[in-house]
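Notes for the structure review
This is what each chain is made of:
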Amino acid sequence: MSEKTYDVPAEWSSRAYVDEAKYREIYAASVKDPVAFWGEHGKRIHWFAPYTKVKNTSYDPHNVSIKWYEDGLTNVAYNCVDRHLATRGDQVAIIWEGDNPAEDKKITYRELYEEVCRFANVLKSRGVKKGDRVTLYLPMIPEAAYAMLACARIGAIHSVVFGGFSPDSLAGRIEDAGSTVIVTADEGLRGGRKVPLKLNTDAACDRAGGVESVIVVRRTGANVPMRSGRDVYYDEIAKNMPAECAVAEMNAEDPLFILYTSGSTGKPKGVLHTTGGYLVYAAMTHQYVFDYHDGDIYWCTADVGWVTGHSYIVYGPLANGATTLMFEGVPNYPTISRFWEVIDKHKVNIFYTAPTAIRSLMQAGEAPVTKTSRASLRLLGSVGEPINPEAWEWYHRVVGDHRCPIVDTWWQTETGGILITPLPGAIKLKPGSATLPFFGVVPEVVDANGQVLDGVCEGNLVLSDSWPGQMRTVYGDHERFVQTYFSTYAGKYFTGDGCRRDADGFYWITGRVDDVINVSGHRMGTAEVESALVAHPKVSEAAVVGYPHDIKGQGIYAYVTLMSDIEPSEELRKELVNWVRKEIGPIAQPDLIQFAPSLPKTRSGKIMRRILRKIAEDEFGNLGDTSTLADPGVVEDLIGNRQNRR
Ligand code: 6R9
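About the cut-offs
Residues numbered from 1 in each chain as written. Predicted model: local features only at pLDDT ≥ 70, side-chain atom pairs only at ≥ 80, totals over all residues. Heavy atoms only, no water. Pairing = 2+ DSSP bridges. Helix = DSSP H or I, 4+ residues; strand = E, 2+ residues; numbered from the N terminus. Axes fitted to C-alpha atoms, helices over the stretch in contact; angles between N-to-C directions. Contact = heavy atoms within 4.5 Å. UniProt positions renumbered as here; feature names shortened; annotations may be inferred. Near = heavy atom within 4 Å. Polar contact = N/O pair within 3.5 Å; in protein donor to acceptor, adjacent residues only side chain to side chain. Areas by Shrake-Rupley, 256 points an atom, 1.4 Å probe, with all protein chains shown as cover. Nonpolar A, V, L, I, M, F, W, Y, C, P; charged D, E, K, R; others polar. Salt bridge = Lys/Arg side-chain N within 4 Å of Asp/Glu carboxyl O. Buried < 20%, exposed > 50% of the residue type's maximum accessible area, 1.4 Å probe, protein only.

**A few points about the sheet that holds strand 21 (residues 443-446)**
The strands making up a sheet are joined through hydrogen bonds of the backbone, oriented either antiparallel or parallel. Pairing is antiparallel across the open sheet formed by 4 strands, whose spatial order is 21-22-24-25. The open sheet is flanked by strand 21 and strand 25 (507-512), the only strands paired with a single partner. Geometrically, the sheet is characterised by an average inter-axis angle of 45° between neighbouring strands, direction not taken into account. Sheet topology note: the strand 22 (residues 457-463)/strand 24 (residues 493-501) ladder contains 6 bridges and is antiparallel.

**Re the sheet that holds strand 19 (residues 379-383)**
Across the sheet, 7 strands lie side by side as 5-4-17-16-18-19-20; this open sheet has mixed pairing. A single partner strand is all that each edge strand has here, and the edge strands are strand 5 (104-108) and strand 20 (406-409). Across the sheet, the axes of successive neighbouring strands diverge by a mean angle of 20°, strand direction being ignored. When strand 4 (residues 92-97) meets strand 5, the two strands line up antiparallel, connected through 5 bridges. Among the inter-strand pairings, Trp-96 is bridged to a residue of strand 5, identified as Lys-105. Each of strand 4, strand 5 and strand 17 (323-327) touches helix 7 (residues 142-154); the most contacted strand, strand 17, lies at about 120° to it.

**What about the UniProt feature "binding site: CoA" (unreviewed entry) in the protein?**
UniProt records the feature "binding site: CoA" (unreviewed entry) for Arg-190, Gly-191, Gly-192, Arg-193, Thr-308, Asn-332, Ser-520 and Arg-581 in the present numbering. Considering the C-alpha atoms alone, the annotated residues occupy 392 residues of sequence and remain spread out, their largest mutual distance being 23.9 Å. The topology assignment puts Gly-191 in the loop between strand 9 (188-190) and strand 10 (193-195). In contact with Gly-191, other than residues within four places in its own chain, are Asp-99, Val-330 and Tyr-333.

**Quick notes on the site of the ligand**
Residues in close proximity to the ligand total 17 residues, the closest being Asp-408, Thr-409, Thr-413, Asp-497 and Arg-523. Separating a nitrogen atom of the ligand from a backbone N or O atom of Thr-409 is a distance of 2.8 Å. Its free accessible area being 530 Å², the ligand has 96% of it covered by the protein chains. Those elements giving two or more residues to the shell around the ligand turn out to be helix 12 (307-319), strand 20 and strand 25. Looking at the shell around the ligand residue by residue, the class counts come to 6 nonpolar, 6 polar and 5 charged.

**Side note on the pattern of salt bridges**
Where charged atoms from two side chains of opposite charge come close, those side chains can pair. A complete count under the given rule lists 43 salt bridges for this structure. For Lys-43, the salt bridge identified is with Glu-40, shortest N-O distance 3.1 Å. One salt bridge connects Lys-198 with Asp-202, and the closest N-O pair in it is separated by 2.7 Å. Linking Lys-198 with Asp-202, this pair stays in helix 9 (residues 197-208), spanning 4 residues, or about one helical turn. According to the relative accessible area criterion, Lys-198 is buried, its value standing at 0%. Residue Asp-202 is classed as buried on the basis of its relative accessible area, which comes to 11%. Taken together, the shared-partner salt bridges connect Glu-97, Asp-104, Arg-338 and Lys-345 into one network.

Printed below as a string of structure tokens:
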């Protein structure tokens, strides 16, 4: 671990909202009296009817219940759009940068208002009502933001599914949410390649059933099959719709969206976020963590299919009246300098991306970066996985010209917004550390028995009290919510992450301690990949673990036992990789597959993943206790035939 520190640059302590003394003072007050603190900060959004109750939360495993501002009435789209019309109607809300550098668009708040209203009217004309779940399977085009805000405007609950997911994954999410209306595009466009979104949607609808309406946004103009009665082109109905639409008054605790995420067991969970607390938290963190001031151009490179896109491309920035950049493409198309070219083109001040992108761009050396100016940049951010100190230093030195602080923001789909992060004008930086908690956030480090550790320590990260952006339940399965997050350490929210705290009280997230792996910043449950593999007719058993990967952070290592009459081969290896791509999506494809005649098991038949992890990590000198193995010979074979990590 690097313990190098970077002090807050002088110009930052004067321009930022808070300096260190102020941070410590506000933080102390926020945890001492959360009701007073959040009662005050809840006012940053507009309420049609003010709340009188601020916080009503219980982590008691017999009664987990999380409510914030529970008697207030508001609307997220009103706050992100209408509220700004009087003061910033002509200000750019969204800068859209296409996959092709020749394509871009600027959308003002007034235009955003009209587009969102029109989209809301289209949804209504297809029968969408308050409380209905609408699945959005869209590329990174402005319509994705319009559709999210249109749902929010009329009180429908959106479920955005990342465009890289397969028809099967999409079908599972449609079914779980009970969506009857899907919004998609003819095709997506990424890195010059087309993504067959409409065809995938058709295949998903065949599997899921119950879909009554598919609204198709034209992106590439491809000739896609349209099923009469079910499918409509967005532009064809939108052109007849008024650019006005009343907002629904929503209770603070009415659902805003469902977003599916992987856990250590079973199918992806529908993480449910609600209206008031989520918006307050997303907006407040966006302002303070990125030190956002009026006029700044802010760019988060995430996809709206992930929580980062929800909170920090759409809701947080727009609630703050910011200018948010939305990028359709990828970092290395058409050139390896694309990110930096976009920064120069749109004079981006704040840039927020993932460590995996930094690591892959690092490989191309400094020249593709240094040939661009990046003079507009003031602040850099990182999210999605631990950032290794080498990547941090490169980001700081080469991209940020030593000038820009880096906010390493730790959070999760479940947390709705950033929980542990430096504030750029307040907290010194240590490469690889997410540093200190945001206001109102109470992290604790516990040992395996749930004992809370003091001072310098290492263990598992829990949160001992609620914050407004926290998820409220697993959609349709509150018991699973309680089991997953509140039963490991009774009375505390368990994050699933390991963590170290140093002598300055800084937090260092060490990665997942459960069976979730983090591949290029994307969460993947090993159980999901395993169940895709065993669904193949030639596979009898599979065990999947993560291993350190230079660019992706973690790679996917699959141990596969074949049916007794099947011989291993290179072709079969390829077939299985493609099979997983097709079953889940490209982000889940195994990097390495080892054919194993059998897997190490305990006498009671449990697969010993600890051993498989060590072998995949090339740490087989250190396998730990193997005395409970049913057949110790299995391990020798696995070591002898392990797959080389490049
Ligand atoms: C926002 C997002 C959550 C998991 C989380 C942790 C890892 C995210 C991190 C980080 C170290 C950071 N993670 N940010 N680890 N440092 N700054 O990524 O949500 O997709 O739900 O992933 O990602 O392991 O538990 P999500």
